[in-house]
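Next come the chains, spelled out residue by residue.
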Amino acid sequence: MKHLLIDCDPGHDDALAIMAALANPESFNILGITTIGGNQTLKKVTENAKNILSFLNAKVPLAAGQAGPLVKPLQTAPEAHGDSGMDGPYFDGADYPIASTNGVQFLAEKIRTSKDKVTLVALGPLTNIALLIKNYPELLPQINEISLMGGGIHHGNQTSLAEFNIYVDPDAAEIVFQSGLPIIMSGLDVTEKAEITVAEINQLKNQGKVSQLAYELLSFYNQSGRQFGFINSPIHDLCAVVYLLKPELFKGSYADIHVITDDSTARGLTYGDFRRIAPESKNTLVLEDVDRVGFVEVLKEALVRLDE
């Protein structure tokens, strides 16, 4: 049993990652979910999180975190996720309770009061996580690991060098990667291999309430992805959850990861020291490959469970 805190900016793939986590209560105890300004404004992504949790009749505590990066202005991605940050399905706007405390304080309190070590699942820019690390260093021994979606060793997507989540707040990312905590990095090197095909998306249609929602999310996401050269749809954020559930589906290598934080053309680039003997601790497992069929099967099984 892993005790999870999920930090996210929903987001189509964030929504699917949340679904997969909620569908596996025998493996995951979800202590709470926080939101971060990322693919859209904090207000919009928090509304998306409320809609997803309400739709799923979840009972997970939710808190809103930081509105934007530590230093740089927020840069959103409406071209990828639409104006709402999660375009496609219609939600009736049903309310969902939200904690009055700031997301960073919320994370700290959940870690402090947990009897077990906590796993952080970071699906957006790393601002909340970096502030947690800097403001509550005494809690670091209570964090078992961080499974994050972000970065890419061989290429980016926001720029040729930088992946979106890291590009948005590179200063926060550098703090997290250099925290010394064990990290599993689901970067573009693996997430772009974690595709669901158009045929597999179509198989979800009219299969149940939650499967239909996944179909609507993925249909928009697939069409949006065409402008970036994708025929099938990489479900980036889902990798960070599926690894925790079935690590045997993935392959990777350990490295010491750093981030370029300045405003040069390399802003947000993640680079690693993979040498056998590196001067710094190789605390990050950089995922590089995935069993695509097995990965999609985990999502399908999660949707079937939620539809029951």
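One numbering rule holds for all chains: residues counted from 1, following each sequence as written. Owing to the predicted nature of the model, reporting of local features is limited to residues with pLDDT of at least 70; listing and counting of side-chain atom pairs is limited to 80 or more, with chain, interface and lining totals taken over all residues. As a rule here, side-chain values come from all non-hydrogen atoms in the structure, and water together with hydrogens is ignored.

Asker: Quick one: what's the story with the nonpolar core, residue by residue and with numbers?
Answerer: Burial of nonpolar side chains together is a common tendency in soluble globular proteins. Here the nonpolar core consists of buried residues drawn from Ala, Val, Leu, Ile, Met, Phe, Trp, Tyr and Cys, with membership extended through side-chain atoms lying within 4.5 Å. When accessible area is computed with a 1.4 Å probe and restricted to protein chains, residues below 20% of their type maximum are described as buried, those above 50% as exposed, and intermediate ones as partly exposed. Of all hydrophobic cores here, the largest spans 59 residues; its most connected members are I6, M19, I33, I52, F250 and F295. Runs of E in the DSSP output that reach at least two residues are strands. Runs of H or I that reach at least four are helices, and both are numbered from the N terminus. Residue assignment for this core shows that the elements contributing at least two residues are β1 (2-8), α1 (12-22), β2 (28-35), α2 (42-55), α10 (209-225), α11 (238-245), β11 (284-290) and α12 (292-307). Among the elements that make up this core, the one with the highest residue count is α11 (8 residues). Other than its neighbours up to four places away in sequence, M19 contacts I52, L56, V210, L213, L217, L303 and L306. Whether two residues touch is decided by their heavy atoms; if any such pair falls within 4.5 Å, the residues are in contact.

Asker: Give me the lowdown on the UniProt feature "domain: Inosine/uridine-preferring nucleoside hydrolase" (unreviewed entry) in the chain, citing residues and values where you can.
Answerer: UniProt positions are given in the numbering used here, feature names are shortened, and annotations may be inferred rather than shown by experiment. UniProt's entry tags residues 4-296 with the feature "domain: Inosine/uridine-preferring nucleoside hydrolase" (unreviewed entry), counted in the numbering of this structure. Secondary structure content for residues 4-296 is 34% helix and 19% strand, and the end C-alpha separation is 22 Å.

Asker: Now, about the pattern of salt bridges: what can you tell me, with residues and values included?
Answerer: Within this document, salt bridges are pairs made up of a side-chain nitrogen of Lys or Arg and a carboxyl oxygen of Asp or Glu, the two lying within 4 Å of each other. Taken as a whole, this structure holds 12 salt bridges when the rule is applied. Measuring nitrogen to oxygen at the nearest pair gives 3.8 Å for the salt bridge that ties E138 to R112. Here E138, found in the loop between α5 (127-135) and β5 (143-149), pairs with R112, found in helix α4 (residues 103-113); they are 26 residues apart in sequence, far enough to count as distant. A relative accessible area of 43% means that R112 is categorised as partly exposed. We note a salt bridge from R267 to D263, for which the minimum N-O separation is 3.7 Å. With a relative accessible area of 10%, R267 lands in the buried category.

Asker: Give me unusual backbone geometry: which residues, what numbers.
Answerer: Residue G11 follows P10 across a cis peptide bond; omega there is -15°. Along the chain, the position of G11 falls in the loop between β1 and α1. Of note in this structure, N57 is not a glycine but carries a positive phi near 55°. With respect to the element layout, N57 can be found in the loop between α2 and β3 (62-64).

Asker: How would you summarise the packing of α4 against α5 if you had to cite specific residues and measurements?
Answerer: Axis angle and axis distance: for two packed helices, these are the angle between their axes and the distance between the axes, and together they describe the pair. Where helices are involved, their axes are fitted lines through C-alpha atoms of the stretch in contact, as for all axes, and angles between N-to-C directions lie from 0 to 180°. One way to put it is that α4 packs onto α5 with a least axis distance of 9 Å and a crossing angle of 60°. Taken together, the axis directions place α4 and α5 in an arrangement best described as oblique. As α4 runs across α5, the sense of the crossing is right-handed. Two secondary-structure elements touch here, α4 through V104, L107, A108 and I111 and α5 through N128, I129, L131 and L132. Note that Gly is not counted as nonpolar here; it falls among the polar residues with everything else outside the nonpolar set of Ala, Val, Leu, Ile, Met, Phe, Trp, Tyr, Cys and Pro and the charged set of Asp, Glu, Lys and Arg. Residues of the contact of α4 with α5, tallied by class, amount to 7 nonpolar, 1 polar and no charged. The labels follow the angle: roughly parallel below 35 degrees, roughly antiparallel above 145, roughly perpendicular from 65 to 115, and oblique for the rest. In this scheme the handedness of a crossing depends on how the near helix is turned from the far one: anticlockwise by less than a right angle means left-handed, clockwise means right-handed.

Asker: Before we move on, could you go through the side chain of T127 and cite the residues and values that matter?
Answerer: Here T127 is to be found in helix α5. With residues up to four places along the chain from it excluded, the contact list for T127 reads I36, Q66, G68, P69, L70, D169 and A172.

Asker: So what about the packing of aromatic side chains? Which residues, and what values?
Answerer: Note on aromatic contacts: the rings of Phe and Tyr and the six-membered ring of Trp form a pair at centre separations within 6.5 Å, being stacked when their planes are under 30 degrees apart, edge-to-face when over 60 apart, and tilted otherwise. Taken as a whole and judged by the stated rule, the model has 2 aromatic pairs. Look at F55 and F91: their rings are 6.2 Å apart centre to centre, the planes differ by 90°, and that puts the pair in the edge-to-face class. Of this pair, F55 sits in helix α2 while F91 sits in the loop between α3 (78-81) and α4, and the two are 36 residues apart along the sequence. Taking the relative accessible area as the measure of exposure, F55 reaches 22% and is therefore partly exposed. Taking the centre distance of 5.7 Å and the plane angle of 65° together, the rings of Y243 and F250 count as edge-to-face. Among the residues examined, Y243 registers a relative accessible area of 16% and is labelled buried. Whether a charge sits over a ring comes down to the Lys NZ or Arg CZ being within 6 Å of the ring centre and within 35 degrees of the ring normal. When the ring centre of F55 is taken as origin, the NZ or CZ atom of K209, which lies over that ring, is 4.6 Å away. If you follow R267 out to its NZ or CZ, it ends over the ring of Y167, 4.1 Å from the centre.

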